[in-house]
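# Remarks on the overall topology
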Amino acid sequence: MNKLERLGIRTDMETALHLPSRYEDETKLTNIAEALFRRIGHAQVEGVVTASEIQYHPRRQLVVFVSDGTSQLVLRFLHFYGSQVKQLAVGKRIRVRGELRQGYNGVEMIHPAYRIVDESTPLPVALTPVYPTCDGISQNYLRKEIGAVLKRLDLSDTLPEALLAELELPLFSDAIRFLHNPPAGVDENALLDRSHPAWKRMKFDELLAQQLSMRRAQIARRRQKSHPLEKTGELTERFVRSLPFALTHAQQEVLAEIREDMGRAFPMQRLLQGDVGSGKTVVAAIAALLAIDNGFQAAMMAPTEILAEQHFERLSSWMKPLGLSVIGISGSMKKKEKDAALSMIQTGQAQFVIGTHALIQDAVRFANLGLVIVDEQHRFGVGQRLVLRNKGDLHSAIPHQLMMSATPIPRTLAMTFYADLDVSVIAGLPPGRKPVVTRLIDQERRDEVIARIHAATLDGRQVYWVCPLIEESESLQLQTAVDTHAVLADALKGLSVGLVHGRMKPVEKQRVMSDFVDGRIQVLVATTVIEVGVDVPNASLMVIEHAERFGLSQLHQLRGRVGRGDVDSVCLLMYQKPLGETARQRLRTMRETNDGFIIAQRDLEIRGPGEFLGSRQSGQAMLRFADLEKDGELIEKAASLAEALLTKRFPDSDKIMTAHLTRWLDYREEFLNI
Ligand code: ADP
Ligand code: MG
């Protein structure tokens, strides 16, 4: 079996599920006259060798003539062995399969596959499978191994027949045999685009296994212990009263869900979704206060230093007046500072800790962590989130977990990859927001853009200028940012123009950002470091240079930095012609809508789910057969059957689940558990 392991195949079931990527049709013969008439394409012919010779012009080659009575075909072998010359001797009957091409002297086949036959050799009745493989593993070897496994493996069904009839799905054994050896005459397109019922059965089984295992993980989580944080706190009340705005109805609803979760004796695992600017931070703050009110610590992790710093500034300005101890922790802290922070965290003096990945380092130990908040969760890997969660005292209790994301996840993705999470959505934006007006503008009209910047600053507004993304080279990107800054500072004399980019020291970054927040900088030239989270309501104009180079989600996130106050905001997407089709589509979408959900859906259509979620998280590798975009209907059906089985709606629900999971999890060891 060693050879198969090179293809990632370890068990018999995995062997059986190594399905063909395409088929060859050797079930039919074409007569040579017809093949010659067709001139191109693949064909299989059978005939007798009428002549065979080694030619030396222009190079050494074996040329064989075959005739089937209707006409004669030339076969040409540029590499050949002596044994082949014998095999292809005059008078031999051969079956030949290959690609027809127009040569100098008529139609011919170069290096066709052939075998010696006699007149009674039957044609195969099934299509010949072609398997995904790698160097050194032949199709013949795979066909033999797989054929043997299909004979010895138990292929009995995991699902009752009545259920299959209802779902209009074939038996598992029929489906899998069919896919390995489909009969001649089958609709090949349905096989190739995987819409054939046999394929549907494979996909359905895979999806059902995934749903079951994720839902089981959710049930297992309910058996873990957390401290119920049920005291409705005085701090929370005071905080809400001190806010300069009233919580929206949507925020209150989401908070009610979070409060209910946190009051339970098992860990909350809630994903809070809300479009860019919908006000997730204040919800997180209230959740943190709830933990603190109950005598526990809260921690919040953000993906970038700028964002962590901003959260720290904002949240401590909100919370310090309430007499709370909020501390920030970052990778760039001086040792002395950091040690002091670590000891405050460990003794429990620090009630709310905000930071970047620095939070998940070994040295960080909490006294009694009750709640973990992960902002912009899609930026983190599953592993990183788990580490933070495990910072609680694992033996007695696990902290509650709140994850936040502005990337709305389309329904089918949510159903498959987040099936074990509870999801809350902040629908809509806080009142008074005016939608950002988006304009596309040709690079050539840069002067007009500069004029608009002047106008905005005259009105007391601030401006972001986002530098082009240069994926190939980070240093080139930084250089561009530095150059752009110099050019703009020159063009905008009299205005204060700042620069922030990823390579600056954290303290410098911090200084620039706080100068911008406080209005000392009017125009901020930035790389995508400002992409997530940054919140400066007075900024009302955003210019994105070479917008055609950015992805849709990224453009939406960037644009979300404006339109946060009560003035009209504008986003100018500068592009350079000529635009490719995808870029044109993206820019058009940006101009047409501000709705994060629609944008995410389009992004998914353009990029596909793997890239959409980031490979780390998409678990795309988990789903080999199902296609999230095309198989929405199967996903729904699998989810509802999983639900029915888990709630024991059938007398033998347990038996079915065990059988199904054994077959499929044995095959894919572990489905993603967040
Ligand atoms: P995001 O959901 O993108 O993280 P933020 O939490 O940064 O959004 O909130 C965006 C802005 O909206 C902030 O300036 C915040 O103070 C403000 N905000 C939040 N909730 C409300 C509300 N209910 N009414 C008015 N403004 C709000
Ligand atoms: Mg945010």
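Starting from 1, residues in each chain are numbered consecutively following that chain's sequence as written. Note on labels: chains are lettered from A, ligands numbered from 1, in written order. Since the coordinates come from a predicted model, pLDDT governs what is reported: local features require at least 70, and pairs of side-chain atoms require 80 or more to be given and counted, while whole-chain, interface and lining totals use all residues. To obtain the side-chain values, all non-hydrogen atoms of the structure were included, while hydrogens and water were left out.

Put simply, the rule is: UniProt positions are given in the numbering used here, feature names are shortened, and annotations may be inferred rather than shown by experiment.
Within an unreviewed UniProt entry, the label attached to the protein reads ATP-dependent DNA helicase RecG, and the organism entered is Oxalobacter paraformigenes. As recorded by UniProt, the Sequence similarities (unreviewed entry) comment attached to the protein reads in full: "Belongs to the helicase family. RecG subfamily."

## Topic: the overall build of the protein
Heads up, the condition is: Secondary structure elements are defined from DSSP: runs of H or I of at least 4 residues count as helices, runs of E of at least 2 residues count as strands, and each element is numbered from the N terminus. Two residues qualify as a contact provided that any one of their heavy atoms is within 4.5 Å of a heavy atom in the partner residue. Every accessible area reported is derived by Shrake-Rupley at a probe size of 1.4 Å, with residue values counting cover from the shown protein chains alone. Charged residues are defined here as Lys and Arg on the positive side and Asp and Glu on the negative side; His and the ends of the chain fall outside this count. Charge positions come from single atoms, namely NZ of Lys, CZ of Arg, CG of Asp or CD of Glu.
From N to C terminus, the protein includes 26 helices and 21 strands. Considering only C-alpha atoms, the protein reaches an extent of 100 × 70 × 45 Å along its principal axes. A separation of at least 24 residues holds for 75% of the contacts in the protein among residues at least 6 apart in sequence. With an accessible surface of roughly 30600 Å², the protein has 51% of that area assigned to carbon and sulfur atoms. Placing the 84 positive and 83 negative side-chain charges of the protein at their respective mean positions leaves the two points 3 Å apart.

## A word on the sheet that holds strand 10 (residues 297-301)
Heads up, the rule is: At least two bridges found by DSSP between two strands is the condition for calling them paired. Angles shown run from 0 to 180 degrees and are taken between the N-to-C directions of axes, each axis being a line fitted to C-alpha atoms and, for helices, limited to the stretch in contact.
Pairing in this open sheet of 7 strands is parallel, and the strands run 11-12-10-13-14-9-15 from one edge to the other. With one partner strand each, in any of the chains shown, strand 11 (326-329) and strand 15 (422-426) form the two edges of the open sheet. For this sheet, the mean inter-axis angle between neighbouring strands, taken without regard to orientation, is 20°. Relative to strand 13 (residues 369-374), strand 10 is paired through 5 bridges, and the arrangement is parallel.

## Things to note about the environment of K637
Examined against the element boundaries, K637 turns out to sit in helix 25 (residues 632-646). Once the C-alpha coordinates of K637 and F204 are considered, the two residues, 433 residues apart in sequence, prove to be 8.1 Å apart. Dropping the residues within four chain positions of it, K637 is found in contact with L167 and F204.

## Considering the pattern of salt bridges
This is how the line gets drawn: In what follows, salt bridge is the name for a side-chain nitrogen of Lys or Arg lying within 4 Å of a carboxyl oxygen of Asp or Glu.
This structure, assessed with the given rule, holds 34 salt bridges. For R520, the salt bridge identified is with D518, shortest N-O distance 3.4 Å. Members of the salt-bridge network, linked through shared partners, are E257, E260, D261, R264 and R270.

## Describing helix 11 (residues 249-262)
Defined as follows: One fewer than the residue count of a helix, multiplied by 1.5 Å, yields its expected span. Each residue gets one of three labels from its accessible area relative to the maximum for its type: buried under 20%, exposed over 50%, partly exposed in between, using a 1.4 Å probe on protein chains only. Taking the helix axis as origin, the arc is that swept by the directions to the C-beta atoms.
For helix 11, spanning 14 residues, the distance from its first C-alpha to its last is 20 Å, which sits close to the expected 20 Å at 1.5 Å a residue. Within helix 11, burial applies to A250, Q251, V254, L255, I258, D261 and M262. Projection of helix 11 onto a plane perpendicular to its axis shows the buried side chains occupying an angular sector of 130°, all on one side. Turned more than 90 degrees from where helix 11 packs its buried face, H249 and E260 sit exposed.

## What about unusual backbone geometry?
Cis geometry is found at the peptide bond from H57 to P58, where omega equals 0°. Mapped onto the secondary structure, P58 falls in the loop between strand 2 (41-55) and strand 3 (61-67). Not every positive phi belongs to a glycine, and R39 is a case in point at roughly 70°. Judged by its relative accessible area of 45%, R39 is partly exposed. Although it is not a glycine, H111 adopts a positive phi angle of roughly 45°. Considering the arrangement of structural elements, one finds H111 in the loop between strand 6 (106-110) and strand 7 (113-116). Overall, the relative accessible area of 35% leaves H111 in the partly exposed class.

## What to know about the packing of helix 11 against helix 12 (residues 280-293)
Note the cut-off: Roughly parallel here means an angle under 35 degrees, roughly antiparallel means over 145, roughly perpendicular means 65 to 115, and every remaining angle is called oblique. Here is the rule for handedness: rotate from the far helix to the near one, and if that takes an anticlockwise turn smaller than a right angle the crossing is left-handed, while a clockwise turn gives right-handed.
It is at 10 Å that the axes of helix 11 and helix 12 come closest, and there the two elements cross at 30°. In this view, helix 11 runs roughly parallel relative to helix 12, as classed from their interaxial angle. The handedness of the crossing between helix 11 and helix 12 is right-handed. Within the contact between the two elements, helix 11 uses Q251, V254, L255, I258, R259 and M262 and helix 12 uses V282, V283, I286, A287, L290 and A291.

## A few points about the pairing of strand 9 (residues 269-274)
Across the 6 residues that make up strand 9, a large majority, 6, are buried. Both faces of strand 9 are covered, namely the face carrying Q269, L271 and Q273 and the face carrying R270, L272 and G274. In this structure, strand 9 lies alongside strand 14 (residues 400-405), joined through 5 bridges in parallel fashion. Residue pairing for strand 14: Q273 is matched across the bridge by S405. Here strand 9 runs beside strand 15; their pairing, made up of 5 bridges, is parallel. Across the sheet, the residue bridging to R270 is D422, located in strand 15.

## Section: the site of ligand 1
Spelled out, the test is: In these notes, residues near a molecule or strand are those with any non-hydrogen atom within 4 Å of it. Polar contacts, as used here, are pairs of N or O atoms within 3.5 Å; protein pairs need one atom able to donate a hydrogen and one able to accept it. Residues neighboring in sequence count only if both atoms are side-chain atoms. All amino acids are sorted into three groups, where Ala, Val, Leu, Ile, Met, Phe, Trp, Tyr, Cys and Pro are nonpolar, Asp, Glu, Lys and Arg are charged, and the leftover types, Gly among them, are polar.
In the vicinity of ligand 1, 17 residues are found, and the nearest of them are G277, K280, T281, R433 and D535. Between T281 and ligand 1, the recorded distance is 2.6 Å, taken from a side-chain N or O atom to an oxygen atom. In the environment of ligand 1, an oxygen atom lies 3.1 Å from a nitrogen or oxygen atom belonging to the side chain of R564. Considering only residue class, the shell around ligand 1 consists of 5 nonpolar, 6 polar and 6 charged.

## Brief notes about the sheet that holds strand 21 (residues 570-575)
Sheet architecture is open: 6 strands sit in the order 16-21-20-17-19-18, paired in parallel fashion. Strands at the two margins of the open sheet, each flanked by one partner only, are strand 16 (437-442) and strand 18 (497-500). Going across the sheet, the axis of each strand differs from the next one's by a mean of 20°, ignoring polarity. Pairing analysis gives 4 bridges linking strand 18 to strand 19 (residues 523-526), with the strands arranged parallel. Within strand 19, the residue paired with L499 across the bridge is V525.

## Considering the packing of aromatic side chains
In plain terms, the rule: For Phe, Tyr and Trp, where Trp contributes only its six-membered ring, two rings pair if their centres lie within 6.5 Å, and the inter-plane angle classes them as stacked under 30 degrees, edge-to-face over 60, or tilted in between. Comment: the charge-over-ring label is applied if NZ (Lys) or CZ (Arg) is within 6 Å of the ring centre and within 35 degrees of the ring normal.
According to the stated counting rule, one finds 5 aromatic pairs in the structure shown. Ring centres of F77 and Y114 lie 5.8 Å apart, and the angle between their planes is 80°; this geometry places the pair in the edge-to-face category. Residue F77 is found in strand 4 (residues 72-77), and its partner Y114 is found in strand 7; the two are separated by 37 residues along the sequence. Judged on exposure class, the residue F77 and its partner Y114 are both buried. Seen from their ring centres, F625 and W664 are 6.4 Å apart, and the 85° between their planes marks the pair as edge-to-face. Here F625, found in the loop between helix 24 (615-618) and helix 25, pairs with W664, found in helix 26 (residues 653-667); they are 39 residues apart in sequence, far enough to count as distant. No difference in accessibility class separates F625 from W664, as the two residues are buried. One aromatic cluster in this structure is built from W199, F625 and W664. Positioned above the aromatic ring of Y141, the side-chain terminus of K3 is 4.4 Å from the ring centre.

## Focus: the packing of helix 7 (residues 172-180) against helix 9 (residues 197-223)
Put simply, helix 7 and helix 9 touch, their axes get as near as 8 Å, and they point 120° apart. In terms of axis orientation, helix 7 runs oblique to helix 9. In the crossing of helix 7 with helix 9, the sense of the turn from one axis to the other is left-handed. Contact residues: helix 7 offers F172, A175, I176, F178 and L179, while helix 9 offers A198, W199, R201, M202 and D205. Residue composition of the contact of helix 7 with helix 9, grouped by class: 8 nonpolar, no polar and 2 charged.

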